[in-house]
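# Secondary and tertiary structure notes
This is what each chain is made of:
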Amino acid sequence: MSIFYDENQKSFYLGAGKASYVLHVDEDGRLLNQHWGARVPDGALSPDFSHYPTLASFDPRTNALPWELPTRGSGWYGEPAVAATNAKGNDMVQLTYVSHAIYMGKNRLPGLPATFARREGDAETLEIELMDRLTGLRVTAVYGVFERTGAITRSLRLKNESGEDMQINGVLSASAPVHGSGYDVIHLKGAWARERHVMRQTQGEGEYRIFSQRGASGHESNPFLALCEKSATEFSGEVWAVSLVYSGSFEALSYVNNTENSRLSIGLNPDVFTWKLEPGETFVSPEAAMVYSPDGLNGMSHAFHRLYSENLMRSKWFERDRPILINNWEATYFNFNEEKILQIARRAKELGVEMLVLDDGWFGKRNTDNCSLGDWVVNPEKLPGGLNGLSDRLHDLGLKFGLWFEPEMISPDSDLYRAHPDWCLHVDGRARVEMRNQLILDLSRKGVQDYIIESVSAVLESARIEYMKWDMNRNMTEPFSGAQTPERQKETQHRYMLGLYRVLEEITARFPEILFESCSGGGGRFDPGMLYYMPQTWTSDDSDAAERMFIQYGTSFVYPPCAMGAHVSAVPNHQTGRTTAMQTRGDVALGGNFGFELDLSQLSDADAETVRRLIEREKQVRTLVRTGEFTRLLSPFDHPYAAWQFRARDNSEALICAYRLMTRPATPHLLLRASGLDESAVYMDDDGNTCSGAALTRYGLWLHLPGDFTSKVIHLRRIG
Ligand code: DGJ
């Protein structure tokens with residue numbers, strides 16, 4: 001049992017892997033968080049909170065207490081986890097314990113992506129119900145405890161029992177105290193083509209906030225925040241982290257108060273969110289995942305990887321090797337016809353590729369990015385035989401067929417816009433702000449949702465399509481809906497997300513065999529919310545091998561490699577202008593779902609030979625990459641090298657991947673230690689060299705990576 005209730009003490013012990021999360025109901029009925037950290041035995045802590053001091057009349061004890069659900073109105077001066085105003089204008093919330101329930105398994109969240117128990121025993125749930133008896137706001141905190149995975153989730157249900165309207169002003173899905181201060185705070189920052197770079201800095205007193213108000217999780221900050229001991233490394237030290245299962249605007253906060261205690265929070269961004277709750281209605285918040293690791297940053301990532309692959313990805317493709325694909329985007333951009341695609345496809349097939357993905361430009365009259373989004377009808381000038389004709393010819397060649405869409409968007413130059421100019425997000429009387437010549441469909445409207453479901457389904461039914469890339473290429477600037485009343489306008493962003501999730505639910509349920517990949521100008525919506533529906537995301541539009549070392553390294557803080565699209569593209573690279581060897585590009589792309597993004601029909605003989613070998617190797621290692629434990633070995637943010645490994649969970653094989661950034665003269669070769677291999681076993685690489693697990697993990701492997709942007713991948717198999 002991973003949830004224990006100590007009736008005498010009125011304490012709840014939630015145990016997940018190496019972590020404990022201990023809650024206590026005090027004599028006044030307040031729900032306090034006694035401990036989030038190293039695993040303690042059930043019932044081990046005496047619920048003593050007397051050491052949380054009153055500093056002066058200016059700082060009451062309530063401002064020092066480790067609240068589990070801090071609110072304005074309870075004597076807490078930090079950000080509230082639940083903020084609501086009742087019909088009398090009272091926004092002081094005071095919550096006290098009413099009851100609780102513990103049960104095996106975990107319920108889905110209505111209309112929202114959420115973690116689930118894939119197998120019996122994966123999760124246990126605790127629900128604690130609290131009430132503001134004056135205002136009639138009932139709050140239920142729902143905890144999912146994943147003992148084997150090592151993660152704890154929380155979402156909040158808010159019910160209006162006041163008999164009058166209420167307004168929710170903010171909900172933090174997680175908001176948990178961390179004892180003490182002096183930690184480092186880590187987040188994943190970025191921009192288009194430079195996503196999820198690791199940013200680590202000292203957390204001083206005060207608040208550190210990252211957020212998105214873009215209507216998407218965004219390239220700029222990922223919905224994740226961690227605190228760690230200053231001395232923590234990839235392999236040691238304490239780490240606390242929160243991540244939000246949501247794809248829209250969010251905020252994450254690291255706060256150190258004036259009693260030198262820390263708090264980590266994540267939830268909806270209150271700058272762009274309110275919600276009117278009519279009498280009897282319930283609002284369900286997105287879910288947050290909380291991970292504590294005593295084993296450094298890799299320990300944190302291992303827990304997130306397990307949770308987000310085993311207990312979040314619903315697709316059947318969760319347990320299938322992904323096809324090696326060629327995507328025509330960087331090969332042709334909009335300039336293609338059927339013959340050109342087939343030319344690439346024939347060469348791809350010869351080299352061992354398994355699927356061709358036709359990217360942007362196959363529909364309407366879209367020969368540049370200034371038209372036709374919304375008109376999901378094939379362009380017969382480019383594809384005279386239609387999608388069906390192309391798909392048949394690809395299947396005749398022995399390739400599967402994938403297709404790109406951008407369903408949430410509308411071009412002003414489109415039949416859809418001419419028919420429904422009010423279907424986009426816009427403010428009446430103001431110019432509609434275009435980005436990439438496009439506007440955003442108002443997915444808070446049911447009619448718009450239905451249009452997307454039916455138009456996309458019609459295309460998917462019109463041909464044999466085995467993969468779909470779901471792109472989204474701009475963020476919201478005017479989240480205002482023609483379908484909402486004035487007091488509900490600030491609900492638009494969240495209603496959009498609920499609409500999007502309904503559309504994704506419906507389409508993925510109708511086409512359960514299709515492999516869906518999400519994308520947003522590369523990795524602008526790489527978040528757990530999308531992974532619930534689509535088991536992989538296009539990691540970045542930047543597939544330059546050197547840049548990808550950073551991007552994939554940072555992405556792996558939270559997301560498993562089986563969630564990352566990673567392709568080999570042409571040189572000079574289209575984003576950076578850098579030239580790297582085909583081998584290096586392939587060695588980096590091996591760290592995710594492998595594919596190509598270049599004109600394979602134009603390869604030199606030497607490159608074609610390398611590509612053939614890369615594909616052969618990919619077929620041998622992809623199950624290991626998908627199912628193995630991924631561990632970061634060397635950070636490119638700190639070293640002129642990047643290195644990581646994949647280890648089979650039964651220790652039967654491992655893949656060690658090392659990459660060099662810029663070389664320097666007179667520097668030693670690299671001595672790289674593997675991690676977690678069976679020390680008593682003997683391993684052999686593809687060249688027949690053998691080494692003991694003990695030597696590999698305690699001493700290391702000498703690697704020589706001469707020149708800039710070179711790489712080495714070593715496949716080790718246990719032979720004894
Ligand atoms: C952005 C994506 O990230 C690219 O891979 C490509 O699909 C383009 N959109 C197409 O417009």
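The paragraphs below set out a description of the structure included in this document. (Residues numbered from 1 in each chain as written. Predicted model: local features only at pLDDT ≥ 70, side-chain atom pairs only at ≥ 80, totals over all residues. Heavy atoms only, no water.)

The next subject is the layout of surface pockets. Considered as a void within the structure, the largest pocket measures approximately 450 Å³ in volume. Considered class by class, the residues forming the lining of the largest pocket number nine nonpolar, eight polar and 11 charged. Considered as a void within the structure, the second largest pocket measures approximately 370 Å³ in volume. In terms of lining, the second largest pocket is formed by 17 residues, of which the most central are D686, D687, V713, I714 and H715. The set of elements that each furnish at least two residues to the lining of the second largest pocket consists of α11 (582–589), α12 (605–627) and β38 (711–718). A total of five residues in the lining of the second largest pocket trace back to one element, the largest contributor, which is β38. Residue classes in the lining of the second largest pocket are distributed as four nonpolar, five polar and eight charged. (1 Å grid on protein atoms, 1.4 Å probe; cavity = no way out; pocket = protein on both sides within 12 Å on 5 of 7 lines; lining within 4 Å. Points joined across faces, edges and corners; volume = space filled by probe spheres on them. Nonpolar A, V, L, I, M, F, W, Y, C, P; charged D, E, K, R; others polar. Helix = DSSP H or I, 4+ residues; strand = E, 2+ residues; numbered from the N terminus.)

For the ligand, the set of nearby residues contains 13 residues, the closest of which are D359, D360, K469, D471 and D541. The separation between an oxygen atom of the ligand and a polar side-chain atom of D360 is 2.7 Å. Within the side chain of N473, one N or O atom sits 3.4 Å away from a nitrogen atom of the ligand. In isolation the ligand exposes 290 Å². Once the protein is present, 98% of that is buried. In terms of residue class, the shell around the ligand is made up of four nonpolar, three polar and six charged. (Near = heavy atom within 4 Å. Polar contact = N/O pair within 3.5 Å; in protein donor to acceptor, adjacent residues only side chain to side chain. Areas by Shrake-Rupley, 256 points an atom, 1.4 Å probe, with all protein chains shown as cover.)

This next bit is on the side chain of T259. Inspection of the secondary structure puts T259 in the loop between β16 (250–256) and β17 (262–268). Taking relative accessible area as the criterion, T259 reaches 17% and is therefore assigned buried. Within the structure, T259 has its side chain in polar contact with the side chain of N257 (distance 2.8 Å). Excluding its chain neighbours within four sequence positions, the residues that come into contact with T259 are L55 and A64. (Buried < 20%, exposed > 50% of the residue type's maximum accessible area, 1.4 Å probe, protein only. Contact = heavy atoms within 4.5 Å.)

Attention now goes to the environment of E679. Tracing the backbone shows E679 in the loop between β34 (670–672) and β35 (682–684). By relative accessible area, which is 33% here, E679 ends up partly exposed. If near-sequence neighbours (up to four positions away) are discounted, E679 is found in contact with G693, A694, T697 and R698.

Turning our eyes to something else, we now look at a nonpolar patch on the surface. Residues L671, Y699 and W702 make up a contiguous nonpolar surface patch of roughly 330 Å² in combined accessible area. Within the fold, W702 resides in strand β37 (residues 701–703). (Patch = residues over 30% accessible without salt bridge, like charges linked within 9 Å, V, L, I, M, F, W, Y side chains within 5 Å. Salt bridge = Lys/Arg side-chain N within 4 Å of Asp/Glu carboxyl O.)

A few words on the sheet that holds strand β2 (residues 11–16). Two orientations exist for strands paired in a sheet by backbone hydrogen bonds: parallel and antiparallel. With antiparallel pairing, four strands are arranged side by side in an open sheet as β1-β2-β3-β4. In the strand order of this sheet, the two ends are held by β1 (3–6) and β4 (31–38), each with one partner. Direction aside, neighbouring strands of the sheet carry axes that sit 15° apart on average. Sheet topology note: the strand β3 (residues 19–25)/β4 ladder contains seven bridges and is antiparallel. (Pairing = 2+ DSSP bridges. Axes fitted to C-alpha atoms, helices over the stretch in contact; angles between N-to-C directions.)

Turning our eyes to something else, we now look at the state of the cysteines. Inspection of the entire model under this criterion finds zero disulfides. Free cysteine C519: the closest other cysteine sulfur is in C562, separated by 18 Å. (Disulfide = S-S within 2.5 Å.)

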